[in-house]
Amino acid sequence: MSKKTNTLFFILAATVFNILITIAAFLALLFLFTFVVMPRLPEPDAGKAAGWAIPVIFIGAIVISFAVYRIVLKLFMKKVNIEKHFDPIFGSRRPPVRRG
């Protein structure tokens, strides 16, 4: 396979991985909130807590997925020679030609 094909497959796989990590983190945080926090709240406050908890859980899932993605990407970059297998997405590796 060419470097451009490798780059395309890497981007697609990384995107799917990031989405799956976000979904898993969201479900884990939602599970923790539902079964750990909600039972400890008084009954009138449970409905209010659910209203603000979903956006907070969603943002928390994004932060967790970002952190996991960075860690996995760093480990991947240590293991695989990026220059050898992938084409740059933006710009080029060659220095600009000086004219004049």
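All values reported here derive from a predicted model rather than from experimental measurement.

## Observations regarding the overall build of the protein chain
Then step 1. Counting its secondary structure elements, the protein chain contains three helices and zero strands.
Then step 2. Each helix and strand of the protein chain, placed in order from N terminus to C terminus, yields the pattern α-α-α.
Then step 3. For 100 residues, the compact-globule formula gives about 13 Å, and the C-alpha radius of gyration of the protein chain, at 21 Å, lies well above that figure.
Then step 4. For the protein chain, the spread of C-alpha atoms along the principal axes amounts to about 75 × 35 × 20 Å.
Then step 5. Here the protein chain holds 100 residues, and 13% of them are scored as buried.
Then step 6. Pairs at least 24 apart in sequence give 78% of the contacts found in the protein chain among residues at least 6 apart.
Then step 7. On the protein chain, roughly 8200 Å² of surface is accessible, and the fraction owed to carbon and sulfur atoms is 72%.

## What about the side chain of Thr-7?
Then step 1. The residue Thr-7 is located in helix α1 (residues 3-37) in this model.
Then step 2. The class of Thr-7 is buried, set by a relative accessible area of 10%.
Then step 3. In contact with Thr-7, not counting residues within four places along its chain, are Phe-86, Asp-87 and Ile-89.

## Here's the deal with the side chain of Thr-22
Then step 1. With respect to the element layout, Thr-22 can be found in helix α1.
Then step 2. With relative accessibility at 17%, the residue Thr-22 sits in the buried group.

Thresholds applied
- Residues numbered from 1 in each chain as written.
- Predicted model: local features only at pLDDT ≥ 70, side-chain atom pairs only at ≥ 80, totals over all residues.
- Heavy atoms only, no water.
- Helix = DSSP H or I, 4+ residues; strand = E, 2+ residues; numbered from the N terminus.
- Rg over C-alpha atoms; globule rule 2.2 N^0.38 Å.
- Buried < 20%, exposed > 50% of the residue type's maximum accessible area, 1.4 Å probe, protein only.
- Contact = heavy atoms within 4.5 Å.
- Areas by Shrake-Rupley, 256 points an atom, 1.4 Å probe, with all protein chains shown as cover.

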